[in-house]
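Per-entry structural report
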Amino acid sequence: MRIEHAKLTFLNLPMVQPELWAWGRRDSYTVGLVELHMDTGIIGIGEVIVAMGPNAHVIRAIFEQMLEQFVGESPFASEKL
């Protein structure tokens, strides 16, 4: 089994109540849904958190750059990936 391609989709999840934290107030939470598509038809699901630090544009750029290293590799080679 090898990774054929991957997809990154950002989800903005609204909170029922706003949250106060060290960086201010937020009323939503953004996560990146990662789908790894295998050559066998299996799709693996994971996430990347978008909280402090890089914004969604930076995370997408990093994801696309790193994707070159994943394609063709076994999803079980976690140490390498």
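One can find the structure itself at the top, above this paragraph.
The present account deals with the structure reproduced in this document. (Residues numbered from 1 in each chain as written. Predicted model: local features only at pLDDT ≥ 70, side-chain atom pairs only at ≥ 80, totals over all residues. Heavy atoms only, no water.)

1. Some points on the pattern of salt bridges
All chains considered together, the criterion is met by 1 salt bridge. Of the charged contacts in the structure, one is a salt bridge between Arg 26 and Glu 19, with a shortest N-O distance of 2.6 Å. For Arg 26, a relative accessible area of 18% corresponds to the buried category. A relative accessible area of 30% places Glu 19 in the partly exposed class. (Salt bridge = Lys/Arg side-chain N within 4 Å of Asp/Glu carboxyl O. Buried < 20%, exposed > 50% of the residue type's maximum accessible area, 1.4 Å probe, protein only.)

2. Quick word on the side chain of Ser 74
Here Ser 74 lies in the segment after helix H1 (56–70). Within the structure, the side chain of Ser 74 is placed 3.1 Å from the backbone nitrogen of Phe 76, a separation counted as a polar contact. (Helix = DSSP H or I, 4+ residues; strand = E, 2+ residues; numbered from the N terminus. Polar contact = N/O pair within 3.5 Å; in protein donor to acceptor, adjacent residues only side chain to side chain.)

3. A closer look at the environment of Tyr 29
Relative to the helices and strands, Tyr 29 is located in strand E2 (residues 24–38). Tyr 29 gets classed as partly exposed once you look at its relative accessible area, which sits at 25%. Once the C-alpha coordinates of Tyr 29 and Met 15 are considered, the two residues, 14 residues apart in sequence, prove to be 7.2 Å apart. When sequence neighbours within four positions are dropped, the list of residues in contact with Tyr 29 reads Leu 11, Asn 12, Leu 13, Met 15 and Ile 49. (Contact = heavy atoms within 4.5 Å.)

4. Some thoughts on the sheet that holds strand E1 (residues 3–21)
Judged by pairing direction, the sheet is antiparallel, and its 3 strands sit side by side in the order E1-E2-E3 without closing on themselves. Edge positions in the sheet fall to E1 and strand E3 (43–50), since each of these pairs with one other strand and no more. Shown here is a sheet whose adjacent strand axes are inclined to one another by a mean of 20°, direction ignored. Strand direction decides the pairing type here: E2 and E3, joined by 8 bridges, are antiparallel. Looking at the pairing, Leu 33 lines up with Glu 47 of E3. Seen against the sheet, H1 touches E1, E2 and E3 and runs at an angle of roughly 155° to E1. (Pairing = 2+ DSSP bridges. Axes fitted to C-alpha atoms, helices over the stretch in contact; angles between N-to-C directions.)

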